Amino acid sequence: MMPRKNLLVSAVRKEQILKTLAQGKRVDGRGLLDYRPLSITPNVIEKAEGSALVKLGDTHVIAGVKMGVGTPFPDTPNEGILIVNAEILPTASEYQEPGPPDEDSIELARVVDRGIRESKMIDFSKLVIEPGKHVYTVYVDISVIGMDGNLFDASSYAAVVALMTTKYYPFINQNGNLVKGSEKVPLPIQDLGISTTFAKIDSYIIVDPTWEEESIMEARLTMVYDKSGDICAVQKGGNGGLLLDDVLKIVDLAKSKSEEMRKVLEGVISNA
Amino acid sequence: MENPLIVNGKRTDGRSPTELRPLKIDVGIIKNAAGSSYIEHGKNKIIVAIYGPRDSHRYGMNIERATLRCRYHMSPFSTEERKSPQPSRREIEISKVIRDALEPSLILENFPKTMIDVFVEVLQSDGGSRSASITAASVALADAGIPMKDLVEAVAVGKVDGTLVLDLNDIEDKEGESDMPVAFMLNENKVTLLQMDGKMTVEEFKAGLMMAMEAAKKIKEIQKEALAKKYSKGDRKNDA
């Protein structure tokens, strides 16, 4: 019916993970609140208007931005359109089957979408060519090519860096005809939502869980903060509950962690 | 801003910021189901049917516990504009988060190699249909006799015209600044569903959580009354 979502973690390995956590460490040598090594390479796909390859440990995600022209939604005639799609490719793990996006891919795309949309990252009112008729559609396609946990943050970073580095040929409305401009322009970026994901294992709160850690966690919590420090998207995941106190703790931890990750991403973008 | 959503402390439907919409639950409405419920929460009208635990030998089944499956589906006539009957991406995501919200409460280890299906059908939708679905599904699971650690109840909070409000209706959901559905297992002080979109400060977020928890306590009483109403009548087979 459904492909395996979790790794089988042996009792001995689980005990080892918990014992290591009790000493304030992770089995891969990290502290509880450390991210894995993060590398972000923008502009990896020349044919895309924007792109980024993110390697968060062994989780590898590539995001590409394509710009299209479409008709606006009737209720928002003066706004461009954002479409986010994600696919966990069969290359990502031995358990992933080819086929239409499953619930995990759909959730992933929708949470990344929420982070971009609700942080008001893009000023969609500036992506209108002819009000009510022609607006830009920003397609963000995310491909998970290697899977080792925390797809949410990796995909979100890939998507936002791809958007920040997007350059496209604008269309100009000449007497009802759309004419392609000659010089590329960037997207109207006005904010940057930063995603951070925490997991609860036994009594420990950790950041950036690996797949093995996700397989034994109680639950996870992804939080997105905008540049003013407000929360703009939240998603709890996993088939366990989170203590109310833990939620309150994670809200504060996530805020300081997001400030740290914001500097990393801004560094990448300014060097792009 | 076009029309204000709060005037003199009253919302579009006349409620105060911390007031719940009318909420009514019936238990055992579908004879064939192992358990079932019907909820009216504001204009939401939702039925939930539970089938199982039933045998399953399908690939991917868990040999140590029951596999919980959940389908949240909106009827084509449940919205202003007809909704295509095909499951949308939104419905697929909601199905998943409802399952994740219910599963922590259930003792699935009692039924290895089986599956339990939760079918949620939204006959009419209003703001907060996923929250109402969770509240109703938990009651239906209790009706089905699935052992559980606690009932689960859910409610949304959000920010409307700069004010924190409880239990958003359709307009507030669409036009408000933020929407945050939360589900609780009160016995264990646990949160089993938490989503948010829109904008909130850290302080508002924390205050919103507390506001939702107070409301969940009230909803739990309604859930318990609904179950008591059915089972006080005696043998459930006779009144289904």
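Residues numbered from 1 in each chain as written. Chains lettered and ligands numbered in written order. Predicted model: local features only at pLDDT ≥ 70, side-chain atom pairs only at ≥ 80, totals over all residues.

Frequently, the measure chosen for interface size is the accessible area removed from exposure when the parts meet. With 31 residues of chain B at the contact, the number on the chain A side is 30 residues. The leading source of residues in the side of chain B that touches chain A is strand S11 (residues 190-200) of chain B, at 11 residues. Its residues assigned to classes, the side of chain B that touches chain A shows 13 nonpolar, 7 polar and 11 charged. Bridging between strand S15 (residues 242-243) of chain A and S11(B) involves 2 bridges; their strand directions are antiparallel. (Contact = placed C-beta atoms within 7 Å. Helix = DSSP H or I, 4+ residues; strand = E, 2+ residues; numbered from the N terminus. Nonpolar A, V, L, I, M, F, W, Y, C, P; charged D, E, K, R; others polar. Pairing = 2+ DSSP bridges.)

Our next topic: the nonpolar core. Ranked by size, the top nonpolar core spans 135 residues in total, and within it A:Ala158, A:Ala159 and B:Val182 carry the most contacts. Of the residues forming this core, the biggest block, 11 residues, is contributed by helix H3 (residues 151-164) of chain A. (Core = buried A, V, L, I, M, F, W, Y, C linked by C-beta atoms within 7 Å. Buried ≥ 20, exposed ≤ 12 C-beta atoms within 10 Å, placed from the backbone.)

Okay, unusual backbone geometry next. Between B:Gly52 and the following residue, B:Pro53, the backbone shows a cis peptide bond with an omega angle of 5 degrees. Residue A:Asn43 is not a glycine yet carries a positive backbone phi of 55 degrees. You can see A:Asn43 is positioned in the loop between strand S1 (38-42) and strand S2 (50-56). Here A:Asn43 falls in the partly exposed class, since 16 other C-beta atoms lie within 10 Å of it. Of note in the backbone geometry, B:Asn8 takes a positive phi value of approximately 50 degrees without being a glycine. Summarising the element assignment, B:Asn8 is placed in the loop between strand S1 (6-7) and strand S2 (10-11).

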